[in-house]
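These are the residues of each chain, in order.
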Amino acid sequence: MEEYAGAITHAKHDHITYYRIVKRMMDIFFVLISLPIVLFIIMVFVILIKIETSGPAFYFQRRVGLYGRDFNVCKLRSMIVDAEKEGARWAIKNDPRVTRIGAFMRKTRIDEIPQVFNILKGEMSLVGPRPERPMFTEEFEVLYPGFKKRLLVKPGLTGLAQVNGGYNLSPNKKLELDIYYIEKQGIKMDLKIILNTIKIVFSGEGAR
């Protein structure tokens, strides 16, 4: 029985290792083939952001990644420059801090596009739990014990929670979906999430 259990554990480990290698190859492949379009979109929205408001077009924010390692996530700025002068807080529906072009970018998720460079650097993947900010990670771990289990995989540009409600979900519900993804993760699920993400980009569902 012990030998049988050991064989199962070994097979599962091999499966996860194979999956992670294939997933990394998929990340690089999808990013590279989409790079010309991505760079064009970024350039267009950088111009639009600069036309509407003064200040930088890009926004860098500290997030928690794989195994609790912090990294800087890159986004197109969708809010006014001093959006957090009164402290960090989650975006709300019809948030007054969001600019006009920012509202469109958040609806279509275009503000997240620069994170393809985080993917190329290996800090993120196309699919995985969305990376959270350090202070919120600690806060949610207290409120929802087990929240840090999300750090067992690379954070993603999109994820199961994002295609099932996104911004409209509570942290606890996001955690449930993220843990389900971690337990069931595989190439088939990743491809399904990517396809659902494309649909959401055109529908604007779950945006804030």
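Just above, that's the structure.
Because the structure is a prediction, the values reported are computed rather than measured. (Residues numbered from 1 in each chain as written. Predicted model: local features only at pLDDT ≥ 70, side-chain atom pairs only at ≥ 80, totals over all residues. Heavy atoms only, no water.)

Peer 1: Quick rundown of the overall build of the protein chain? Include the residues and the values.
Peer 2: Helix and strand counts for the protein chain come out as 6 helices and 4 strands. Order of helices (α) and strands (β) in the protein chain, N terminus to C terminus: α-β-β-α-α-β-α-β-α-α. Each of the 208 residues in the protein chain was classed as buried or not, and the buried ones make up 44%. Only carbon and sulfur atoms are counted for the fraction: they give 64% of the accessible area of the protein chain, which is about 12000 Å². (Helix = DSSP H or I, 4+ residues; strand = E, 2+ residues; numbered from the N terminus. Buried < 20%, exposed > 50% of the residue type's maximum accessible area, 1.4 Å probe, protein only. Areas by Shrake-Rupley, 256 points an atom, 1.4 Å probe, with all protein chains shown as cover.)

Peer 1: Just give me the short version of helix α5 (residues 171–184), but keep the residues and values in it.
Peer 2: Here α5 contains 14 residues, and its C-alpha end-to-end distance of 20 Å stays within 8% of the 20 Å for a straight helix at 1.5 Å per residue. Listing the buried residues of α5 in full gives Pro171, Lys174, Leu175, Leu177, Asp178, Tyr181 and Ile182. (Expected span 1.5 Å × (residues − 1).)

Peer 1: Explain a nonpolar patch on the surface to me, using residue names and the numbers behind them.
Peer 2: A contiguous nonpolar surface patch, about 520 Å² in accessible area, is contributed by Phe40, Met43, Ile47, Leu48 and Ile51. Within the secondary structure layout, isoleucine 47 lies in helix α1 (residues 2–52). (Patch = residues over 30% accessible without salt bridge, like charges linked within 9 Å, V, L, I, M, F, W, Y side chains within 5 Å. Salt bridge = Lys/Arg side-chain N within 4 Å of Asp/Glu carboxyl O.)

Peer 1: Lay out the pairing of strand β1 (residues 58–64) in plain terms, naming residues and giving numbers.
Peer 2: With 7 bridges connecting them, β1 and strand β2 (residues 70–76) associate as antiparallel partners. Residue pairing in the sheet places phenylalanine 58 in a bridge with leucine 76 of β2. Joining the antiparallel neighbours β1 and β2 is a turn of 5 residues, in which tyrosine 67 adopts a positive phi near 60°. (Pairing = 2+ DSSP bridges.)

Peer 1: Would you mind going over the pattern of salt bridges in detail, with residue names and values included?
Peer 2: A full pass over the atoms with the stated rule returns 9 salt bridges. A salt bridge links lysine 173 to glutamate 176, with the shortest nitrogen-to-oxygen separation between them at 3.5 Å. Of the two residues, lysine 173 and glutamate 176 are both situated in helix α5; the distance of 3 residues between them amounts to about one turn of the helix.

Peer 1: Can you break down unusual backbone geometry residue by residue, with the values?
Peer 2: Across the chain, the bulk of peptide bonds are trans and the bulk of non-glycine residues have phi less than zero. At tyrosine 67, a position not held by glycine, the phi torsion is positive, near 60°. Residue placement: tyrosine 67 occurs in the loop between β1 and β2. For tyrosine 67, a relative accessible area of 48% puts it in the partly exposed group. At arginine 109, a position not held by glycine, the phi torsion is positive, near 70°.

Peer 1: Give a detailed account of the packing of aromatic side chains, specifying residues and quantitative values.
Peer 2: Centre distance and the angle of the planes are the two values used to describe a pair of aromatic rings. Inspection of the entire model under this criterion finds 5 aromatic pairs. Plain terms: the ring middles of phenylalanine 29 and phenylalanine 30 are 5.7 Å apart, the flat faces sit at 65° to each other, and that makes the pair edge-to-face. Here the aromatic cluster, defined as three or more aromatic residues joined through ring pairs, consists of Phe136, Phe140, Tyr144 and Phe147. (Phe/Tyr/Trp six-rings, centres within 6.5 Å; stacked < 30°, edge-to-face > 60°.)

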